[in-house]
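The chain contents come next:
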Amino acid sequence: MSIAAVLLLYAPYSVLRDAMASGGKIHHSLLGAVGYLIVAIALFDVAKYFFEEEVPAGRERRTAADARRGLTKFVSTIIIALFLEALVLVFETARENVAEVKYAALLVFSGCLTLVCLGLFQRLSAATEKEVGPEPNDRPEGEDMAMDAKEPPSTGPGRLA
(Lines give C-alpha, C1' and ligand atoms only; values in the text may rest on other atoms or scores of the structure.)
Protein backbone atom coordinates (compact mmCIF):
# COMPACT_ATOMS: atom_id res chain seq x y z
CA MET A 1 0.00 0.00 0.00
CA SER A 2 2.94 2.31 0.65
CA ILE A 3 4.24 1.81 -2.88
CA ALA A 4 0.75 2.52 -4.24
CA ALA A 5 0.60 5.73 -2.21
CA VAL A 6 4.01 6.84 -3.49
CA LEU A 7 2.95 6.16 -7.09
CA LEU A 8 -0.30 8.08 -6.56
CA LEU A 9 1.74 11.08 -5.44
CA TYR A 10 4.49 10.70 -8.04
CA ALA A 11 2.13 10.63 -11.06
CA PRO A 12 0.82 14.20 -10.71
CA TYR A 13 4.25 15.40 -9.60
CA SER A 14 5.82 14.07 -12.81
CA VAL A 15 3.17 15.79 -14.94
CA LEU A 16 3.71 19.12 -13.18
CA ARG A 17 7.49 18.78 -13.41
CA ASP A 18 7.35 18.01 -17.14
CA ALA A 19 4.83 20.80 -17.76
CA MET A 20 7.14 23.35 -16.18
CA ALA A 21 10.23 22.02 -17.97
CA SER A 22 8.70 21.71 -21.44
CA GLY A 23 6.48 24.76 -21.47
CA GLY A 24 3.14 22.93 -21.56
CA LYS A 25 3.82 19.94 -23.84
CA ILE A 26 2.82 17.19 -21.49
CA HIS A 27 0.94 14.58 -23.55
CA HIS A 28 3.73 11.99 -23.09
CA SER A 29 3.90 12.82 -19.41
CA LEU A 30 0.12 12.44 -19.03
CA LEU A 31 0.13 8.98 -20.56
CA GLY A 32 3.00 8.00 -18.28
CA ALA A 33 1.08 9.34 -15.28
CA VAL A 34 -1.96 7.31 -16.27
CA GLY A 35 0.27 4.24 -16.36
CA TYR A 36 1.56 5.04 -12.86
CA LEU A 37 -1.99 5.51 -11.61
CA ILE A 38 -3.10 2.19 -13.10
CA VAL A 39 -0.23 0.36 -11.42
CA ALA A 40 -0.92 2.17 -8.13
CA ILE A 41 -4.60 1.23 -8.16
CA ALA A 42 -3.78 -2.38 -9.03
CA LEU A 43 -1.25 -2.53 -6.19
CA PHE A 44 -3.77 -1.03 -3.81
CA ASP A 45 -6.43 -3.58 -4.82
CA VAL A 46 -4.01 -6.48 -4.41
CA ALA A 47 -2.95 -5.20 -0.97
CA LYS A 48 -6.61 -4.75 -0.02
CA TYR A 49 -7.29 -8.33 -1.13
CA PHE A 50 -4.51 -9.65 1.09
CA PHE A 51 -5.72 -7.66 4.08
CA GLU A 52 -9.31 -8.82 3.61
CA GLU A 53 -8.69 -12.46 2.74
CA GLU A 54 -5.35 -13.58 4.08
CA VAL A 55 -4.51 -11.50 7.15
CA PRO A 56 -7.52 -12.02 9.49
CA ALA A 57 -6.90 -14.50 12.29
CA GLY A 58 -9.13 -17.51 12.50
CA ARG A 59 -9.18 -18.09 8.76
CA GLU A 60 -6.95 -21.15 8.90
CA ARG A 61 -9.42 -23.46 7.19
CA ARG A 62 -11.08 -22.07 4.09
CA THR A 63 -13.75 -23.63 1.96
CA ALA A 64 -13.40 -24.16 -1.75
CA ALA A 65 -16.00 -21.44 -2.34
CA ASP A 66 -13.96 -18.96 -0.26
CA ALA A 67 -10.83 -19.79 -2.21
CA ARG A 68 -12.69 -19.42 -5.52
CA ARG A 69 -14.11 -16.03 -4.54
CA GLY A 70 -10.74 -14.80 -3.31
CA LEU A 71 -8.91 -15.94 -6.41
CA THR A 72 -11.58 -14.35 -8.59
CA LYS A 73 -11.15 -10.98 -6.83
CA PHE A 74 -7.39 -11.18 -7.19
CA VAL A 75 -7.34 -12.19 -10.86
CA SER A 76 -10.09 -9.67 -11.71
CA THR A 77 -7.91 -6.89 -10.36
CA ILE A 78 -5.01 -8.08 -12.49
CA ILE A 79 -7.21 -8.32 -15.59
CA ILE A 80 -8.55 -4.79 -15.14
CA ALA A 81 -5.03 -3.41 -14.72
CA LEU A 82 -3.89 -5.37 -17.78
CA PHE A 83 -6.68 -3.94 -19.96
CA LEU A 84 -6.11 -0.40 -18.72
CA GLU A 85 -2.39 -0.63 -19.35
CA ALA A 86 -3.08 -2.03 -22.83
CA LEU A 87 -5.34 0.93 -23.53
CA VAL A 88 -2.61 3.38 -22.50
CA LEU A 89 -0.11 1.47 -24.64
CA VAL A 90 -2.43 1.67 -27.65
CA PHE A 91 -2.64 5.44 -27.29
CA GLU A 92 1.12 5.82 -26.84
CA THR A 93 2.06 3.65 -29.81
CA ALA A 94 -0.64 5.08 -32.07
CA ARG A 95 0.87 8.54 -31.61
CA GLU A 96 4.53 7.57 -31.90
CA ASN A 97 4.94 4.45 -34.03
CA VAL A 98 1.91 2.70 -35.46
CA ALA A 99 3.97 -0.37 -36.38
CA GLU A 100 4.41 -1.07 -32.65
CA VAL A 101 0.64 -1.37 -32.05
CA LYS A 102 1.03 -5.14 -32.42
CA TYR A 103 2.53 -5.24 -28.91
CA ALA A 104 -0.46 -3.43 -27.48
CA ALA A 105 -2.72 -5.86 -29.36
CA LEU A 106 -0.82 -8.77 -27.79
CA LEU A 107 -1.40 -7.25 -24.38
CA VAL A 108 -5.14 -6.95 -25.10
CA PHE A 109 -5.15 -10.56 -26.32
CA SER A 110 -3.40 -11.75 -23.16
CA GLY A 111 -6.00 -9.91 -21.07
CA CYS A 112 -8.79 -11.58 -23.04
CA LEU A 113 -7.15 -14.98 -22.65
CA THR A 114 -6.79 -14.42 -18.90
CA LEU A 115 -10.46 -13.44 -18.69
CA VAL A 116 -11.53 -16.57 -20.57
CA CYS A 117 -9.37 -18.71 -18.29
CA LEU A 118 -10.93 -17.09 -15.23
CA GLY A 119 -14.39 -17.84 -16.61
CA LEU A 120 -13.40 -21.44 -17.27
CA PHE A 121 -12.01 -21.73 -13.74
CA GLN A 122 -15.26 -20.33 -12.33
CA ARG A 123 -17.36 -22.73 -14.35
CA LEU A 124 -15.31 -25.81 -13.47
CA SER A 125 -14.95 -25.00 -9.78
CA ALA A 126 -18.66 -24.20 -9.39
CA ALA A 127 -19.55 -27.48 -11.10
CA THR A 128 -17.16 -29.37 -8.83
CA GLU A 129 -18.61 -27.70 -5.72
CA LYS A 130 -22.09 -28.69 -6.86
CA GLU A 131 -21.04 -32.33 -7.36
CA VAL A 132 -19.04 -32.66 -4.15
CA GLY A 133 -21.34 -30.59 -1.98
CA PRO A 134 -20.44 -28.27 0.87
CA GLU A 135 -17.62 -29.13 3.18
CA PRO A 136 -18.61 -30.61 6.58
CA ASN A 137 -17.59 -27.48 8.50
CA ASP A 138 -19.72 -25.14 6.35
CA ARG A 139 -22.64 -25.44 8.76
CA PRO A 140 -23.57 -22.19 10.54
CA GLU A 141 -22.72 -22.01 14.22
CA GLY A 142 -25.43 -23.13 16.62
CA GLU A 143 -26.61 -26.16 14.70
CA ASP A 144 -26.44 -29.22 16.90
CA MET A 145 -26.26 -32.94 16.40
CA ALA A 146 -30.06 -33.21 16.12
CA MET A 147 -29.78 -31.57 12.72
CA ASP A 148 -27.24 -34.18 11.68
CA ALA A 149 -29.72 -36.94 12.44
CA LYS A 150 -32.40 -35.13 10.41
CA GLU A 151 -34.78 -35.23 13.37
CA PRO A 152 -37.53 -32.63 13.25
CA PRO A 153 -37.57 -30.26 16.23
CA SER A 154 -39.88 -31.13 19.08
CA THR A 155 -43.27 -29.36 18.95
CA GLY A 156 -44.57 -30.29 22.40
CA PRO A 157 -47.04 -28.24 24.46
CA GLY A 158 -44.45 -25.70 25.59
CA ARG A 159 -42.84 -25.25 22.16
CA LEU A 160 -43.79 -23.08 19.23
CA ALA A 161 -44.17 -24.82 15.92
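Note: the structure precedes this text.
Now for a look at the structure at hand. (Residues numbered from 1 in each chain as written. Predicted model: local features only at pLDDT ≥ 70, side-chain atom pairs only at ≥ 80, totals over all residues. Heavy atoms only, no water.)

A few points about the packing of helix 3 (residues 64-96) against helix 4 (residues 101-132)
Argument step 1. Orientation of helix 3 relative to helix 4, taken along the N-to-C sense of each, is 165 degrees, at an axis distance of 8 Å. By the criterion of interaxial angle, the relationship of helix 3 to helix 4 is roughly antiparallel. The hand of the helix 3/helix 4 crossing is left-handed.
Argument step 2. Tallied by class, the residues present in the contact of helix 3 with helix 4 amount to 21 nonpolar, eight polar and three charged. (Axes fitted to C-alpha atoms, helices over the stretch in contact; angles between N-to-C directions. Helix = DSSP H or I, 4+ residues; strand = E, 2+ residues; numbered from the N terminus. Parallel < 35°, antiparallel > 145°, perpendicular 65-115°, else oblique. Left-handed = near helix turned anticlockwise from the far one by under 90°. Nonpolar A, V, L, I, M, F, W, Y, C, P; charged D, E, K, R; others polar.)

Focus on the pattern of salt bridges
Argument step 1. Taken as a whole and assessed by the stated rule, the structure comprises one salt bridge.
Argument step 2. With a shortest N-O distance of 3.4 Å, aspartate 18 and arginine 17 are connected by a salt bridge.
Argument step 3. Residue aspartate 18 is classed as partly exposed on the basis of its relative accessible area of 26%. (Salt bridge = Lys/Arg side-chain N within 4 Å of Asp/Glu carboxyl O. Buried < 20%, exposed > 50% of the residue type's maximum accessible area, 1.4 Å probe, protein only.)

Details of the packing of aromatic side chains
Here a ring pair, both rings aromatic, is described through the centre-centre distance and the interplanar angle of the planes.
Argument step 1. According to the stated counting rule, one finds two aromatic pairs in the structure shown.
Argument step 2. Judged by centre distance (6.0 Å) and plane angle (50 degrees), the ring pair of tyrosine 10 and tyrosine 13 falls under tilted. Of this pair, tyrosine 10 and tyrosine 13 both sit in helix 1 (residues 2-22), separated by three residues, roughly a single helical turn.
Argument step 3. When its relative accessible area of 31% is taken as the criterion, tyrosine 10 is described as partly exposed. (Phe/Tyr/Trp six-rings, centres within 6.5 Å; stacked < 30°, edge-to-face > 60°.)

Here's the deal with the nonpolar core
Most often, soluble globular proteins keep nonpolar side chains buried together rather than apart.
Argument step 1. The biggest cluster of nonpolar side chains holds five residues, and these are Leu31, Ile38, Ala42, Ala81 and Val88.
Argument step 2. The set of elements that each furnish at least two residues to this core consists of helix 2 (27-54) and helix 3.
Argument step 3. The greatest single-element share of this core, amounting to three residues, is contributed by helix 2.
Argument step 4. With sequence-adjacent residues up to four places away left out, valine 88 is seen in contact with Leu31, Val34 and Ile38. (Core = buried A, V, L, I, M, F, W, Y, C linked by side-chain atoms within 4.5 Å. Contact = heavy atoms within 4.5 Å.)

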